[in-house]
Number of protein chains: 2
Amino acid sequence: MSREELTKIILPEEKLPKFWYNVQADMPNPLAPGLNPKTLKPLTPSDLEPIFARELIMQEVSTERYIEIPEEVRELYKKYRPSPLYRARSLEKALDTPARIYYKYEGVSPVGSHKLNSALAQVYYNKKQGIKRITTETGAGQWGTALALACKLFGLEAMIYMVKVSYYQKPYRRSIMEVYGGRCVPSPSELTQSGRDVLAKNPDSPGTLAIAISEAVEEALKRDDTNYSLGSVLNHVCLHQTVIGQEVKMQLEMVDEYPDVVIGCCGGGSNFAGIAFPFIPDKLAGKKVRLVAVEPAACPTLTKGVFAYDYGDAAGLVPVTKMYTLGHNFTPSGIHAGGLRYHGESPLVSQLYHDGLLEAVAVKQNPTFEAALLFARHEGIVPAPESAHAVRVAVDEALRAKEEGVSRCIVFNLSGHGYLDLYSYDKYLAGETADIEFSDAELRESLKDLPQVPEEYR
Amino acid sequence: MSREELTKIILPEEKLPKFWYNVQADMPNPLAPGLNPKTLKPLTPSDLEPIFARELIMQEVSTERYIEIPEEVRELYKKYRPSPLYRARSLEKALDTPARIYYKYEGVSPVGSHKLNSALAQVYYNKKQGIKRITTETGAGQWGTALALACKLFGLEAMIYMVKVSYYQKPYRRSIMEVYGGRCVPSPSELTQSGRDVLAKNPDSPGTLAIAISEAVEEALKRDDTNYSLGSVLNHVCLHQTVIGQEVKMQLEMVDEYPDVVIGCCGGGSNFAGIAFPFIPDKLAGKKVRLVAVEPAACPTLTKGVFAYDYGDAAGLVPVTKMYTLGHNFTPSGIHAGGLRYHGESPLVSQLYHDGLLEAVAVKQNPTFEAALLFARHEGIVPAPESAHAVRVAVDEALRAKEEGVSRCIVFNLSGHGYLDLYSYDKYLAGETADIEFSDAELRESLKDLPQVPEEYR
């Protein structure tokens, strides 16, 4: 069928990528080295081995262009991959735009988001090395859900520290992790020293992602059979997500398309990296594709942050990396897109943005939900509040194309569905969603505590 | 790729069926006529016209074998159809069975279940006839969700009466209907005479499906621009669902399979009819395929009910039909599979069951959730509590194949996902799910009020 007839562009199972694409092979400027949070000296693999699987540490620093996807991981990818690329015909009609809008739908994963792409890979490498348990933290709950299922599929235990306020606000996120056999506890907990320390000072602490990270890392450090796992930010996580963009390229070719603009929401950066990085070689070769990261105006890391060395967590337990950051002491507002409330940014996305290969735009909550509702009412799928940020900018691009009277090919990553986030839609429909913006005064305050990194690494 | 390699069997978009299959063309014994609930005389089309679209009334009585799917409906089907047929490889391995298990996944529909297949068709015909609003009732919420989206896609208003106890137990079902622009009110309401009558007697009434039907029908009767819509039971609803089974047949052919057994859960009967009816002609031609309807032990309409004329609702507003029934005054237990709590059964499924072309089996709640959990932990997808009934019997069939040492092809309909039903899983994991069975004493009681139908129609 031709471009003008198809609604879904489906790749046959044998076209599932056999390799992840590693953008580190093609970057004009390499990453600045990660630093040990205690010594502020360059990290060595042995700094990371107590908590991460060796193969993941190697992927973290590899500059090989293609890294083979293990057969065991590919077999499990086939439960939901290749994921469909949709033509948003009803949305185009509603907007009366000459633009052709496509969206890659990662919500077909059984956990409802792209997060499983990395969870399966991470658990596989840990299992191969004899690890029996994995700890992690989760905020919005999507990563914890993916890790719980991946652990169950490979026969490992999953221990998930969920930020206490989210744990009680979103009880069904805990339920689904338990359906998958994972253990999910509210953080701060009595199970770790870090948790007990916080509770001693403040028994009513609602928790933060930073505290949950400390608890998960502490447990991984304490037990030989246990490693720690992270769902975004790190190089190997971005690497695993590149199956998304590689599939998109093949799917667009099937209908003779090449995108003018590729859009993804951006918190830690992994789903954006997943759809955007495979287009970097084309861009370096002179193609005019724009790659746009969308962040919330309440947490505008790329658009308002600084490119500097900073801690990845509040307690200073994880590596210090050079990235766009709002400062590790930045307390994000309680916006509904919990997955985008991170003070920092993937070092890979940061460097490529700094080098002008990526663009970024920040959007407010109400216009974001407005676009999500428009999308749901025409395309049917209810977007996750995070993914709704990409929808907003795709709609804006389509409206601009209409204004300018040009037909453009717009592609965005619908990284997950919102069927477990209907609480946020309720609030929006009730008019209770605020348009929070991050101020320059807040930024000055939150940047005060950047680490004093030796001159030679700056 | 061969049968032994594929995980998902995907039909190209151009293979989407162009016709619905009407089993009324092939039934060894035709349906007994529907009767007017007031006069107990055979229904005429004009009895139904105040609440149903004319083309749907014609489909209700048609004996044409194939009825063309309107192009506008097919275009919208393409948002999620053809739906995938999965090979349950991980589940097979977990059960160590020689059986080959396939499941048709209707949860890819944006509303998460098969219900959209009929909602789109029903709203289309109503729109064609100039209707502006549609009323309906919903119990578990899946039908209300599908109708809300279908109305939005065709530009009609949706008014959904949701059983009050479910409305408050499952607030996110209401949310999603509102995301799709539908109006959802708890029933009994102050908006109709039927609702006000109930509230006058019992201000704290938790509502029942029967009351909600009365409210929706009353409103449709009162307003010329408004029709009523039903999500199961009726012939035209079963007809619309036959896209499921037609696709399954093509998908199995692609991997050189023919099923030994086809399984679906069965409440009003539409999803079971959808997967099973397209196999009826084969069966009549001598093929040995078994077609198995699965119902809850708490509401065992086919396995314990009687084949007799009965009212479709408690108030006697909708047609009296000959069907398997537990009696219209039967009060179903509060089991978690809300979509299977109906006293009656599709007249088509009933007649074919009576004629020996279909089988039926009843299963209890705890073994059903046990199978659902096993499925989620190996296949990833969390089944809707209704669909979990089909999972249970598929697992039982696979275990029997193992016992007997034979390889069989088992196919079941995973009619929807359970991401909006995690409350039920919570209860099961907490050990709070009861194995309710329907007793013979209850049956004798609930069959007391069957209508006294004239001899000639019995």
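Parameters and conventions
- Residues numbered from 1 in each chain as written.
- Chains lettered and ligands numbered in written order.
- Predicted model: local features only at pLDDT ≥ 70, side-chain atom pairs only at ≥ 80, totals over all residues.
- Heavy atoms only, no water.
- Domains from an automatic or database assignment.
- Buried area = accessible area lost by both parts, 1.4 Å probe.
- Salt bridge = Lys/Arg side-chain N within 4 Å of Asp/Glu carboxyl O.
- Helix = DSSP H or I, 4+ residues; strand = E, 2+ residues; numbered from the N terminus.
- Contact = heavy atoms within 4.5 Å.
- Phe/Tyr/Trp six-rings, centres within 6.5 Å; stacked < 30°, edge-to-face > 60°.
- Buried < 20%, exposed > 50% of the residue type's maximum accessible area, 1.4 Å probe, protein only.
- Pairing = 2+ DSSP bridges.
- Axes fitted to C-alpha atoms, helices over the stretch in contact; angles between N-to-C directions.
- Least-squares fit on C-alpha atoms with pLDDT ≥ 70 in both.
- Polar contact = N/O pair within 3.5 Å; in protein donor to acceptor, adjacent residues only side chain to side chain.
- Parallel < 35°, antiparallel > 145°, perpendicular 65-115°, else oblique.
- Nonpolar A, V, L, I, M, F, W, Y, C, P; charged D, E, K, R; others polar.
- Expected span 1.5 Å × (residues − 1).

1. Observations regarding the domain arrangement of chain A
All names here are of chain A.
So, step 1. Here chain A is partitioned into domain 1 (8-17 + 81-112 + 236-457) and domain 2 (19-43 + 50-65 + 114-228).
So, step 2. Just the C-alpha atoms count here: the centres of domain 1 and domain 2 sit 22 Å apart.
So, step 3. Interface area for domain 1 against domain 2, summed over the two sides, is near 4300 Å², with a carbon-plus-sulfur share of 65%.
So, step 4. Considering only the side of domain 1, the residues that lose the most area to domain 2 are V111, H236 and H240, jointly responsible for 17% of the buried surface there.
So, step 5. The tally of links between domain 1 and domain 2 comes to 1 salt bridge.
So, step 6. Notably, a salt bridge pairs K170 with D421, separated by 3.0 Å at the nearest N-O pair.

2. Quick look at the side chain of D282 of chain B
So, step 1. Tracing the backbone through its elements, the reader meets D282 of chain B in helix α14 (residues 280-284).
So, step 2. With near-sequence residues (within four places) excluded, D282 of chain B lies in contact with K249, Y258 and K287 of chain B.

3. A short note on the packing of aromatic side chains
So, step 1. Taken as a whole, this structure holds 34 aromatic pairs over all chains when the rule is applied.
So, step 2. Ring geometry for F52 of chain A against Y228 of chain A: centres 5.9 Å apart, planes inclined by 55 degrees, an arrangement best described as tilted. On the criterion of sequence distance, the pair formed by F52 of chain A in the loop between α1 (45-48) and α2 (54-61) and Y228 of chain A in strand β9 (residues 226-228) is long-range, its members being 176 residues apart. Neither residue differs from the other here; F52 of chain A and Y228 of chain A are each classed as buried.
So, step 3. Relative to Y125 of chain B, the ring of Y124 of chain B lies with its centre 5.2 Å away and its plane at 65 degrees, an arrangement referred to as edge-to-face. Y125 of chain B matches Y124 of chain B in its accessibility class, with the two residues each being buried.

4. Some words on the sheet that holds strand β6 (residues 133-138) of chain B
Residue and element names in this part refer to chain B.
So, step 1. Taken in spatial order, the 4 strands of this open sheet run β8-β7-β6-β9, and their pairing is parallel. With partners counted over all chains shown, the strands left at the sheet margins are β8 (183-187) and β9 (226-228), one partner each. Between one strand axis and the next, the sheet turns by 25 degrees as a mean value, whatever way the strands run.
So, step 2. Sheet strands in contact with helix α10 (residues 209-222) are β6, β7 (157-163), β8 and β9, and its direction is about 170 degrees off that of β6.

5. Observations regarding the interface of chain A and chain B
So, step 1. Across the contact, 43 residues belong to chain A and 43 residues belong to chain B.
So, step 2. Between chain A and chain B lies a buried interface of about 3800 Å² when both sides are counted; carbon and sulfur atoms form 56% of it.
So, step 3. Considering only the surface of chain A that becomes buried against chain B, K79, V179 and R377 of chain A emerge as the three largest contributors, covering 18% of it.
So, step 4. One can count 6 salt bridges joining chain A with chain B.

6. Observations concerning unusual backbone geometry
Residue and element names in this part refer to chain A.
So, step 1. Backbone torsion omega between S187 and P188 reads 10 degrees, so that peptide bond is classified as cis.
So, step 2. Of note in this structure, V233 is not a glycine but carries a positive phi near 65 degrees.
So, step 3. Along the chain, V233 falls in the loop between β9 and α11 (235-241).
So, step 4. A relative accessible area of 11% places V233 in the buried class.
So, step 5. Even without a glycine there, the phi angle at D256 is positive, about 55 degrees.
So, step 6. Note on placement: D256 falls in the loop between α12 (243-254) and β10 (261-265).

7. Describing the relation of the copies chain A and chain B
So, step 1. Mapping chain A onto chain B leaves a residual RMSD of 0.0 Å; the transformation is a rotation of 180 degrees accompanied by 0.0 Å of translation along its axis. Here the two chains are linked by the operation of a two-fold rotation axis.
So, step 2. The residues that chain A uses at the interface reappear at the interface of chain B in 100% of cases, marking a shared surface.

8. A short note on the side chain of S205 of chain A
Residue and element names in this part refer to chain A.
So, step 1. Mapped onto the secondary structure, S205 falls in the loop between α9 (193-201) and α10 (209-222).
So, step 2. A residue is classified by how much of its surface remains accessible, and S205, at 5% relative accessible area, is buried.
So, step 3. From its side chain, S205 meets the backbone nitrogen of G207 in a polar contact 3.1 Å long.
So, step 4. Excluding residues that lie within four positions of it along the chain, S205 makes contacts with K164, P188, V198 and I211.

9. Regarding the pairing of strand β5 (residues 100-105) of chain B
Residue and element names in this part refer to chain B.
So, step 1. By the criterion of burial, β5 is predominantly enclosed, with 6 of the 6 residues buried.
So, step 2. In β5, alternate side chains face the same way, and those of R100, Y102 and K104 on one face and I101, Y103 and Y105 on the other are all buried.
So, step 3. Bridge count between strand β4 (residues 85-87) and β5: 3 bridges; the pairing is antiparallel. Among the inter-strand pairings, Y86 is bridged to a residue of β5, identified as Y103.
So, step 4. In the sheet, β5 pairs with strand β15 (residues 409-414) via 6 bridges, with the strands oriented parallel. In the sheet register, Y102 faces β15, and the bridge partner there is V411.

10. Focus: the pattern of salt bridges
So, step 1. Taken as a whole and assessed by the stated rule, the structure comprises 60 salt bridges over all chains.
So, step 2. For E404 of chain A, the salt bridge is made with R408 of chain A, and the minimal N-O distance between the two is 2.4 Å.
So, step 3. The salt bridge involving E370 of chain B is made with R392 of chain B; its shortest N-O contact spans 3.5 Å. Taken as a pair, E370 of chain B in helix α17 (residues 365-379) and R392 of chain B in helix α18 (residues 388-404) lie far apart in primary sequence, 22 residues in all.

11. A word on the sheet that holds β4 of chain B
Picture the strands of a sheet paired through backbone hydrogen bonds; they go either parallel or antiparallel.
Residues and elements named next belong to chain B.
So, step 1. Overall, mixed pairing links the 7 strands, which are arranged β1-β4-β5-β15-β10-β11-β14 in an open sheet. Edge positions in the sheet fall to β1 (8-9) and β14 (359-363), since each has one partner strand and no second.
So, step 2. Sheet topology note: the strand β10 (residues 261-265)/strand β11 (residues 290-296) ladder contains 5 bridges and is parallel. Residue pairing for β11: V262 is matched across the bridge by L291.

12. Overview of the packing of α2 of chain A against helix α5 (residues 116-128) of chain A
Residues and elements named next belong to chain A.
So, step 1. One way to put it is that α2 packs onto α5 with a least axis distance of 8 Å and a crossing angle of 130 degrees. Judged by the inter-axis angle, α2 sits oblique to α5. Contacts between α2 and α5 involve E55, L56 and Q59 from the first element and Q122, Y125, N126 and K128 from the second.
So, step 2. The residue inventory of the contact of α2 with α5, partitioned by class, reads 2 nonpolar, 3 polar and 2 charged.

13. Topic: α17 of chain B
All names here are of chain B.
So, step 1. With 15 residues, α17 extends 20 Å between its outermost C-alpha atoms, agreeing within 8% with the 21 Å of an ideal straight helix rising 1.5 Å per residue.
So, step 2. Among all positions in α17, only Q365, T368, F369, A371, A372, L373, F375, A376 and E379 are buried.
So, step 3. Once α17 finishes, G380 follows within two positions and takes phi at roughly 95 degrees, a positive value.

14. Concerning the environment of I134 of chain B
All names here are of chain B.
So, step 1. Counting through the fold element by element, I134 comes out in strand β6.
So, step 2. Residues I134 and F369, spaced 235 residues apart in sequence, show a C-alpha to C-alpha distance of 35 Å.
So, step 3. For I134, the contacting residues outside a window of four places in its chain are V123, N126, L147, C151, L156, E157, A158, M159, N227, Y228 and S229.

15. A few points about the packing of helix α17 (residues 365-379) of chain A against helix α18 (residues 385-404) of chain A
Helix packing for two helices is described by the angle between their axes and how far apart those axes are.
Residue and element names in this part refer to chain A.
So, step 1. Where α17 contacts α18, the axes come no closer than 8 Å and their chain directions differ by 85 degrees. On the basis of the axis angle, α17 is roughly perpendicular to α18. When α17 is examined against α18, the residues P367, T368, F369, E370, A371, A372, L374 and F375 are found in contact with a partner set consisting of P385, A388, H389, V391, R392 and V395.

16. Some words on helix α16 (residues 347-354) of chain B
All names here are of chain B.
So, step 1. Of all 8 residues making up α16, 6 are buried, and the element is well covered by its neighbours.
So, step 2. Along α16, the positions that sit buried rather than exposed are P347, L348, V349, S350, Q351 and L352.
So, step 3. If you follow the buried residues of α16, they end up packed against α11 (235-240), α13 (270-276), α14, α15 (301-304), β12 (306-311) and β13 (320-325).
So, step 4. Two or three places before L348, at the start of α16, stands the capping residue S346, its side-chain oxygen 3.2 Å from that residue's backbone nitrogen.

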